[in-house]
Amino acid sequence: MIPFTIYSRREPVSVVSPFDPSVDLVACSESERLDYYACRTLDLPALAVLISTPTRFRVRALSPLELRQLRPLLPLPHPSTRERLAAEAANPEVKLPHSPEETVVLEETLRLFARAGLEGIEDGSPPGWDPSQRIRIGGLRLWSEDVIGGLPDETVIWLGAAVSRLTHSTTPEQKKSSG
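Residues numbered from 1 in each chain as written. Predicted model: local features only at pLDDT ≥ 70, side-chain atom pairs only at ≥ 80, totals over all residues. Heavy atoms only, no water.

### Quick notes on the overall build of the protein
- Looking only at helices and strands, one finds six helices and seven strands in the protein.
- The secondary structure elements of the protein, listed N-terminal to C-terminal, are β-β-α-β-β-α-α-α-β-β-β-α-α.
- Across the 179 residues that make up the protein, the buried fraction comes to 39%.
- At a minimum sequence separation of 6, the contacts of the protein that also span at least 24 residues come to 73%.
- As displayed, the protein offers around 10,500 Å² of accessible surface, 57% of which is attributable to carbon and sulfur atoms. (Helix = DSSP H or I, 4+ residues; strand = E, 2+ residues; numbered from the N terminus. Buried < 20%, exposed > 50% of the residue type's maximum accessible area, 1.4 Å probe, protein only. Contact = heavy atoms within 4.5 Å. Areas by Shrake-Rupley, 256 points an atom, 1.4 Å probe, with all protein chains shown as cover.)

Spelled out as structure tokens, the structure:
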């Protein structure tokens, strides 16, 4: 009998940051690299080369309750967002770039998602990483900004995007991990 694979929104998955110096993505196709950087897949591309042991992060999806609890902590959208979306709605063929202010809001949102959805580090934790350094805000347990600040910014933002993808994904295929 073949056992069923159980996919749970709360089940952590193991991921490797595309910015990890232990991972070489040069041999991968452009589309594979873009899919991995954009978190459309969380599984390392088949042609990725591991130069040494990469840092593996355990991330998980956030529950609907956690999303409601995070809402007051999220930064407010920048006014230029409304203007950009209105212009895109008027002309759907044209996609306008985000303003620098919108990018800052997006990055802060993804940092918050990383603080909430990062379960821990399996391999290669940075010096000073203390898994007990979580703070409680309401019913949420978040990593403090100081602890998350010990990780490279691009990795934190990518982890936040991975948590967002897991949180908003609907199929088991979208929940694949690189572990």
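### Notes on the nonpolar core
- Counting residues in each nonpolar core, the largest one holds 35 residues, and the members touching the most others are Val15, Val59, Leu118, Leu151 and Leu159.
- Sorting the residues of this core by element identifies strand 1 (13-16), strand 4 (56-59), helix 4 (100-117), strand 5 (118-123), strand 7 (140-143), helix 5 (145-148) and helix 6 (153-168) as the ones contributing at least two each.
- At six residues, helix 6 tops the list of elements feeding residues into this core.
- Ignoring any residue separated from it by four or fewer positions in sequence, one finds Val59 in contact with Glu11, Pro12, Val13, Val15, Gly117, Leu118, Glu119, Leu159, Val163 and Leu166. (Core = buried A, V, L, I, M, F, W, Y, C linked by side-chain atoms within 4.5 Å.)

Keep in mind these numbers describe shape, not what the thing actually does.
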